Amino acid sequence: MSIESSASGRTPSANPSPSVGLSVGIRRPRPVVEIDASHMKESNQSTPAHLANVRIFAGSSGIALANEICQTLNMPLGHSVTEKFPDGEIIVRLEDDVRGRDCFVVMSTSTPVNDNLMELLVFLDCLKRASAARVTVVTPYFGYARQDRKDKGRVPITAKLVANLITAAGADRVVAIDLHAAQIQGFFDIPVDHLSAMPVFVEYFRANRTELGDLCLVSPDVGNVKVAEDMANALGGELAIINKRRLSGSLVTTGHLIGSVEGKTVLMFDDMITTAGTIIEAAKLVMEKGAKQVIAAASHGVMVGPAVQRLAGPQIHKVVVSNTIPLGERVAPLAGKLVQLSVGKLLAQAIDRIHTNKSISELFKDNGGTRR
């Protein structure tokens, strides 16, 4: 059986991942990811007139979220194909005309971080060479964000390096949600819209406020106090703080608890849950101090290594994260305990405002959105 060759003259891998979306027309060379929005054009009404010049595309890690964004904006998702060659190289091909268009690429640089980052860079180069008027990277989760400073000798500042790569690849603007540190915005030499997922979480917990009972917001580390304080004010709860000491990338020890949690529901809200070491150690401490139950919430559910196993334990009553990162089957052990909230509407509103040159900060005027 013959396989169509790509423009580079090499044959794509014979063992790709299954295609995503509906495939129409002639058969294309075995894609790793193929995104087709023709079915959305049939089911949705016509694209709003003020968004007629907008094109939204999704990378491998952003397909589900990009679909939510497009459904909110009542417009089709752009059609693109990502292929991987046998040696691991990636090529992206656009099936839509983007010349003179305002283009957005939705893609988190989550696990596998390096593969997704490289795909994003190739996507940007593809759009620029196709004469897109402006390219905005919508990266809900920005990988390498924790490598934002030299905390010891002879180490890199990789967050700055990634910012340089994204800019050099052709991005004109970046949209991110809850960066690990707000100062990462300064690593970019292009505009950055730093959104907060806090309003999405506040809306959810307000809707379930009665069942939370006597509530205490616990900051698992000193650096998160401002966010915890604003969440406590929004939900009518008290505030407590834990002194944390990180011994390594996966090992954390907790110190003292400042505040009272006895007989209360404890809510811990952080920017991300990675290995869940911080959350579990903090949960053990507050339960020893008499807390009734512990709810762990985070903007980004990175959840790698022992995270799922730890969160499935008895210390955590519920886990609430957003859909900035696709979770998949790896979180199956958390069934019945995990709640995933959508930031699709928030990102759709941001894209609409960016295209029409309206203020992004107005999105958080009435319902908070403290940045770390």
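Just above, that's the structure.
Each chain carries its own residue numbering, running from 1 in the written order of its sequence. Restriction of local features to residues with pLDDT of at least 70 applies here, the model being predicted, together with a cutoff of 80 or more for giving and counting side-chain atom pairs; totals for whole chains, interfaces and linings are based on all residues. With hydrogens and water set aside, each side-chain value is computed from the structure's full complement of heavy atoms.

Asker: How should the packing of helix α5 (residues 198-207) against helix α7 (residues 225-235) be read in this particular structure?
Answerer: The axes of two packed helices give the description: the angle between them and the distance between them. Only the stretch in contact is used when a helix axis is fitted, and all axes are lines through C-alpha atoms; the angle between N-to-C directions ranges over 0 to 180 degrees. Segments assigned H or I by DSSP are reported as helices when at least four residues long, segments assigned E as strands when at least two residues long, and all are numbered from the N terminus. Viewed as axis vectors pointing N to C, α5 and α7 meet at an angle of 35°, and their least axial separation amounts to 10 Å. As for the relative orientation of α5 and α7, their crossing is right-handed in sense. Every residue of α7 that contacts α5 at Met198, Phe201, Val202, Phe205 and Arg206 is listed here: Val227, Asp230, Met231, Ala234 and Leu235. Tallied by class, the residues present in the contact of α5 with α7 amount to 8 nonpolar, no polar and 2 charged. Handedness of a crossing is defined here by the sense of rotation of the near helix relative to the far one, left-handed for an anticlockwise turn of less than a right angle and right-handed for a clockwise turn. Working rule for contacts: check all heavy atoms of both residues, and any pair within 4.5 Å makes them a contact. Just so you know the grouping, Ala, Val, Leu, Ile, Met, Phe, Trp, Tyr, Cys and Pro go in nonpolar, Asp, Glu, Lys and Arg go in charged, and all remaining residues, Gly too, go in polar.

Asker: Can you help me understand helix α2 (residues 63-73) in this one?
Answerer: Since the α-helix turns once every 3.6 residues, residues separated by three or four places project in the same direction. Relative accessibility under 20% of the residue-type maximum defines a buried residue, over 50% an exposed one, and the middle range a partly exposed one, all with a 1.4 Å probe and only protein chains included. Considered for burial, the residues of α2 that qualify are Ile63, Leu65, Ala66, Ile69, Cys70 and Leu73. Each buried residue of α2 sits inside an arc of 165° when the element is viewed along its axis, so together they form one side. The outward face of α2, more than 90 degrees from its buried face, is lined by the exposed residues Ala64 and Gln71. The arc in question is the one spanned by the directions pointing from the helix axis to the C-beta atoms.

Asker: How should the pattern of salt bridges be read in this particular structure?
Answerer: For this analysis, a salt bridge means a side-chain nitrogen from Lys or Arg found within 4 Å of a carboxyl oxygen belonging to Asp or Glu. The final tally for this structure, using the stated rule, is 12 salt bridges. Taking the shortest distance from any N to any O, the salt bridge between arginine 93 and glutamate 83 comes out at 3.7 Å. One end of the pair, arginine 93, is in strand β4 (residues 90-94); the other, glutamate 83, is in strand β3 (residues 80-84), with 10 residues separating them in the sequence. Relative accessible area serves as the criterion here: at 29%, arginine 93 is assigned to the partly exposed category. The exposure class assigned to glutamate 83 is buried, which follows from its relative accessible area of 2%. Measuring nitrogen to oxygen at the nearest pair gives 3.7 Å for the salt bridge that ties glutamate 281 to lysine 284.

Asker: It is not clear to me how the packing of aromatic side chains should be interpreted in this structure. Could you clarify?
Answerer: In this description, a pair of aromatic rings is defined by centroid distance and the angle of the planes. We call Phe, Tyr and Trp rings a pair once their centres come within 6.5 Å, taking the six-membered ring for Trp, and we label the pair stacked below 30 degrees between planes, edge-to-face above 60, and tilted otherwise. Throughout the structure, instances matching the rule amount to 4 aromatic pairs. Look at phenylalanine 57 and phenylalanine 123: their rings are 6.1 Å apart centre to centre, the planes differ by 50°, and that puts the pair in the tilted class. In this pair, phenylalanine 57 sits in strand β2 (residues 54-58) while phenylalanine 123 sits in helix α3 (residues 113-129), placing the two residues 66 residues apart along the sequence. Just as phenylalanine 57 is buried, phenylalanine 123 falls in that class too. Ring centres of phenylalanine 201 and phenylalanine 269 lie 4.9 Å apart, and the angle between their planes is 55°; this geometry places the pair in the tilted category. Residue phenylalanine 201 is found in helix α5, and its partner phenylalanine 269 is found in strand β12 (residues 265-272); the two are separated by 68 residues along the sequence.

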